[in-house]
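Below are the chains, spelled out letter by letter.
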Amino acid sequence: MKISVLTLFPEMFEGFQNTSILKRAIDRNLITFECIDYRSYTKDKHHHVDDTPCGGGAGMVLMCQPILDCIKDIRTPSSRVVMLTPQGETFQQKMAHEFASFEHLILLCGHYEGFDERIRDEVDMEVSLGDFVLTGGECAAMVITDAVIRLIENVIQKESFEDDSFENGLLEYPQYTRPIDYHGKKVPEVLLSGHHERIRKWRLKQSLKRTLKKRPDLLAHRSFTKEEMQLMKEIQEECVKEME
Ligand code: ADE
């Protein structure tokens, strides 16, 4: 997979691409990562990438020419062009999986007051990290790259993300490591039992319990398995008992 980030600030990605999982994935040829500066596609001698908004108002707007020329230059039939803007569809784990299946992901970072509206016509989709406004799309591009590359085969072990929050529509169960007793706070006994089936069931129940408490919206459209229904019943009974 190849990820191309189009930005006015490629230097922001230096630390990002030289550390951790991204660096390892690049070094192992599992992914190709590049940052392209819109400025290298400008045609005027002052390398302008932005101009004042037509109709007046504050800030600057990213111009069509450098951005569309850049997209045109690097896009192939297997590329997907994603514009990062607060107006886009909210990025979620499901979308991370979809992106991980692309051959070439192009992430367009905005800045200032945003993109000239005509740039929107040339992108495949608009994506937002959430209902807040960032100064630019660069942080969003890093977040999306991070979430996507860890799903690519061999970047991390599959078992490392299979139980992650959201992977099965539930939040992840609680995790513990040594010491078994930390100032009187003990690791649940079942996790020390070595009994795989009991541990699996306990973890599923904890996931359901956590999701119900922290993100009940995730359960609203879930089709529960028989086992999950039974566990939900137990959770409900325990809640009632706690309230008595
Ligand atoms: N650029 C500015 N705000 C953003 C957001 N919320 N998500 C993605 N890109 C952005």
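Residues numbered from 1 in each chain as written. Predicted model: local features only at pLDDT ≥ 70, side-chain atom pairs only at ≥ 80, totals over all residues. Heavy atoms only, no water.

1. Quick look at the domain arrangement of the protein chain
The domain boundaries assigned to the protein chain delineate domain 1 (2-149) and domain 2 (181-243). If you average the C-alpha positions of domain 1 and of domain 2, the two centres end up 40 Å apart. (Domains from an automatic or database assignment.)

2. A few points about the sheet that holds strand β1 (residues 2-7)
The sheet built from 5 strands is open, its strands ordered β2-β1-β6-β5-β7 with parallel pairing. The open sheet has two free edges, formed respectively by β2 (32-37) and β7 (125-128), since each of these has just one partner strand. Strand-to-strand twist of the sheet, defined as the mean angle between neighbouring strand axes without regard to direction, takes the value 30°. In this sheet, strand β6 (residues 104-109) lies alongside strand β5 (residues 79-90) in parallel orientation, the contact comprising 6 bridges. (Pairing = 2+ DSSP bridges. Helix = DSSP H or I, 4+ residues; strand = E, 2+ residues; numbered from the N terminus. Axes fitted to C-alpha atoms, helices over the stretch in contact; angles between N-to-C directions.)

3. Re helix α3 (residues 64-74)
Those residues of α3 lying buried are Cys64, Pro66, Ile67, Cys70, Ile71 and Ile74. Summarising the contacts, the buried residues of α3 are in contact with β1, β2, β4 (61-62), β5, β6 and α5 (117-120). (Buried < 20%, exposed > 50% of the residue type's maximum accessible area, 1.4 Å probe, protein only. Contact = heavy atoms within 4.5 Å.)

4. Thoughts on the packing of helix α4 (residues 93-100) against helix α6 (residues 138-149)
Geometry of a packed helix pair, given as the angle between the helix axes and the separation of the axes. Where α4 meets α6, the axes come as close as 8 Å, and the angle between the chain directions of the two elements is 75°. When the interaxial angle is binned, α4 and α6 end up roughly perpendicular. Together, Ala96, Phe99 and Ala100 of α4 and Ile144, Ala147 and Val148 of α6 make up the contact between the two elements. By residue class, the composition of the contact of α4 with α6 is 6 nonpolar, no polar and no charged. (Parallel < 35°, antiparallel > 145°, perpendicular 65-115°, else oblique. Nonpolar A, V, L, I, M, F, W, Y, C, P; charged D, E, K, R; others polar.)

5. Concerning the site of the ligand
Contacts to the ligand come from Leu84, Thr85, Pro86, Val127, Ser128, Leu129, Gly130, Phe132, Val133, Leu134, Gly136 and Ala140. In this structure, Thr85 approaches the ligand through a main-chain N or O atom, which is 3.4 Å from a nitrogen atom. In isolation the ligand exposes 260 Å². Once the protein is present, 95% of that is buried. Taken together, the elements giving at least two residues each to the shell around the ligand come down to β5 and β7. Examining the composition of the shell around the ligand, we find that 3 residues originate from one element, β5, more than from any other. (Near = heavy atom within 4 Å. Polar contact = N/O pair within 3.5 Å; in protein donor to acceptor, adjacent residues only side chain to side chain. Areas by Shrake-Rupley, 256 points an atom, 1.4 Å probe, with all protein chains shown as cover.)

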